[in-house]
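One-letter residues, chain by chain:
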Amino acid sequence: MPANTINLFDPANRSSRRVFIRGVGTISLSLFASLTLGGCETIRQQIENRPVRRRLRLGSVEVDNDIAILTDGVARMKALPSTDPRNWTAISRIHGTADETAGFCEHASTHFLSWHRAYLYFLERIIRKLTGESDWALPYWNWNQNPRMHPAFRSASSTLDHPRDETDMTGLTAFQNVRMNAIMGEPNFFEFSSQLEGTPHNMVHSTIGRDMVLGSAPIDPIFWAHHSMVDYCWAKWNIELENSSPGDRDWIRTNWTYFVNEDGESVEMSAGTTLLLPLLSYRFEASPVGGFVAPDLRPSRPIPSPQSSPEEFTLLEERIRKGAIIREEVLRRFEIVRDGEIQLTKPLTLDTNIRGEQLTNLMAASNTGERLFLKIDHARLPPTNDFYLRVFLNMPDANVMTSNSAPQFAGSYAFFGTASRHANVHSEKHRKTDFLINISQTIERLSQAGLLEANQTISVQLVPTPFRERQLSRPEARLGLAAVDLTYSRAIVELVE
Ligand SMILES: [Cu+2]
């Protein structure tokens, strides 16, 4: 075990949250807090110097070194016998397999972020142990800033290379500032997580294709750098942007028992413990996500240092650990459709009886952060993942050729893991069927551009769009629509005392 790394886990005792610190042992989090506050210099030092997850980029010696260690670690995991639980394929099977006959990954659930955080954390520990690089942490692919996959993952001779359909996210609006601003600015954890998963997260998986769109995705090394970015979005939202993760007991106590540690042993982790990992076990090199800049560019509110400002750090740790009771109060709900169907080769227009002025009046009255969401729930998931859905408002002639720069473009989302051979009950329950698009800004833009008449009813267009250079492999397939609603709601976030 690396000497300067704090290891956190939640042992058998599920009711009290405990941390394990090398040289100190397992202690309760409240004792831990009093130690950091009360002057235990070693602990503070270890937290201060926790490993850094850096942003993948060119021209940095440190990043090149992180990539070299990752490459070495992956090669060592691949070389382990298949009976070793730390073997590369064995670890990927914790997430899932191509035929969906195994795997535990949480998608379409309130634990999408926490489950994947735990999964990444244990991979990091395995690679540190196998390479002997105790300071190493998993770098992240900031697709918002660098939409092209880092060349180290694309060079034909590299262990990090893998068969893929596409490696460049340039031009896809799911990763651009307008969309990332709406997601990172979302105050409700559940709506934040749902949009982050359905739009940029799923878009990376399905744009890359091949293994990345199946349960076996972690077999492609880029999976880990992609999910390190998803993890950064959550850490940035929670720590830097001061939003709250769930604080209710059921969510916090959700416990997983099948992760594998650096010694190949089964280990447990609870969702509540994952909240603290980016604060105590590793940290992210800050970088912008959309219009949300790095905190080092905002010197008025830096993340407090455990060494030089232990009181503030302890307060931060408490805020992150306790979280909030979060719910969404729906003030208006407009039903648009029930039990519909989309043909993959044909855009679908949904007419509504919602008048333009109803929406502009609601937005004008919004004073406590209310927003308009389009909620699309699919009854049946598609048998293929070679397309994504684009959503337009008031544009009856929108089609695959229509540009996303049209003011009527509202957003996009993609599917993940639905194309597996045995797309059965198991996979359906782990797959996301409901998607959220925040349309507040689109409504504002349409109204300013004179494209939203007060007495005119609005229409919604759903446009299945094949990925660049790809032909639909199942053009005759149809997508079930369970429900499409437009809601006007506000987030209620009550901090846990
Ligand atoms: Cu994923």
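Residues numbered from 1 in each chain as written. Predicted model: local features only at pLDDT ≥ 70, side-chain atom pairs only at ≥ 80, totals over all residues. Heavy atoms only, no water.

**A look at the overall build of the protein**
Of the regular secondary structure elements, the protein holds 15 helices and 14 strands. Classification of the 497 residues of the protein by burial places 59% in the buried group. In the protein, of all internal contacts separated by at least 6 residues, the share reaching a separation of at least 24 is 78%. With an accessible surface of roughly 19,100 Å², the protein has 49% of that area assigned to carbon and sulfur atoms. (Helix = DSSP H or I, 4+ residues; strand = E, 2+ residues; numbered from the N terminus. Buried < 20%, exposed > 50% of the residue type's maximum accessible area, 1.4 Å probe, protein only. Contact = heavy atoms within 4.5 Å. Areas by Shrake-Rupley, 256 points an atom, 1.4 Å probe, with all protein chains shown as cover.)

**Observations concerning the nonpolar core**
Core analysis: the biggest nonpolar cluster contains 90 residues, and Ile91, Trp141, Trp143, Phe153, Trp224 and Phe259 have the highest contact counts within it. By size, the runner-up hydrophobic cluster in this structure holds 37 residues, among which are Leu350, Met363, Leu381 and Val460. (Core = buried A, V, L, I, M, F, W, Y, C linked by side-chain atoms within 4.5 Å.)

**Observations regarding the coordination of the copper ion**
Distances from the copper ion to its protein donors, namely His201 (NE2), His205 (NE2) and His227 (NE2), fall within the range 1.9 to 2.1 Å. Taken in sequence order, the residues that donate to the copper ion follow the motif H-x3-H-x21-H. Here His201 is found in helix α7 (residues 189-208), whereas its partner His227 is found in helix α8 (residues 222-240), with 26 residues between them in sequence. Of the residues examined, His201 reaches a relative accessible area of 0% and is grouped as buried. Taking the relative accessible area as the measure of exposure, His227 reaches 1% and is therefore buried. (Donors = N, O, S within 2.8 Å, 3.2 Å for Na, K, Ca; no water.)

**A few points about the pattern of salt bridges**
Side chains that differ in charge, positive against negative, can pair when their charged atoms come close. Per the stated rule, a full pass over the model turns up 29 salt bridges. A salt bridge links Glu124 to Arg53, with the nearest nitrogen and oxygen atoms 2.7 Å apart. Within this pair, whereas Glu124 is found in helix α5 (residues 112-131), its partner Arg53 is found in strand β3 (residues 52-53), the two being separated by 71 residues in sequence. Three or more residues joined by partner-sharing salt bridges are found here, namely Arg53, Arg117, Glu124, Arg128 and Asp231. (Salt bridge = Lys/Arg side-chain N within 4 Å of Asp/Glu carboxyl O.)

**Section: the packing of helix α6 (residues 177-184) against α7**
Orientation of α6 relative to α7, taken along the N-to-C sense of each, is 155°, at an axis distance of 9 Å. In terms of their interaxial angle, α6 and α7 are classed as roughly antiparallel. Counting all contacts with α6, which are made through Arg179, Met180, Ile183 and Met184, the residues of α7 involved are Phe192, Gln195, Leu196, Thr199 and Pro200. Looking at side-chain class alone, the contact of α6 with α7 contains six nonpolar, two polar and one charged residues. (Axes fitted to C-alpha atoms, helices over the stretch in contact; angles between N-to-C directions. Parallel < 35°, antiparallel > 145°, perpendicular 65-115°, else oblique. Nonpolar A, V, L, I, M, F, W, Y, C, P; charged D, E, K, R; others polar.)

**A look at the sheet that holds strand β12 (residues 434-438)**
The four strands lie next to each other as β7-β14-β9-β12, forming an open sheet whose pairing is antiparallel. With one partner strand each, in any of the chains shown, β7 (324-343) and β12 form the two edges of the open sheet. Each strand axis lies, on average, 25° off the axis of its neighbour in the sheet, ignoring direction. Pairing analysis gives five bridges linking strand β9 (residues 371-377) to β12, with the strands arranged antiparallel. Paired with Lys375 across the strands is Leu436, a residue of β12. (Pairing = 2+ DSSP bridges.)

**Regarding the pairing of strand β5 (residues 266-270)**
Both strand β4 (residues 255-260) and β5 contribute to a ladder of four bridges, which runs antiparallel. Bridge pairing links Val260 to Ser266 in β5.

Interpretation note: all reported values are geometric properties and have no functional meaning in isolation.
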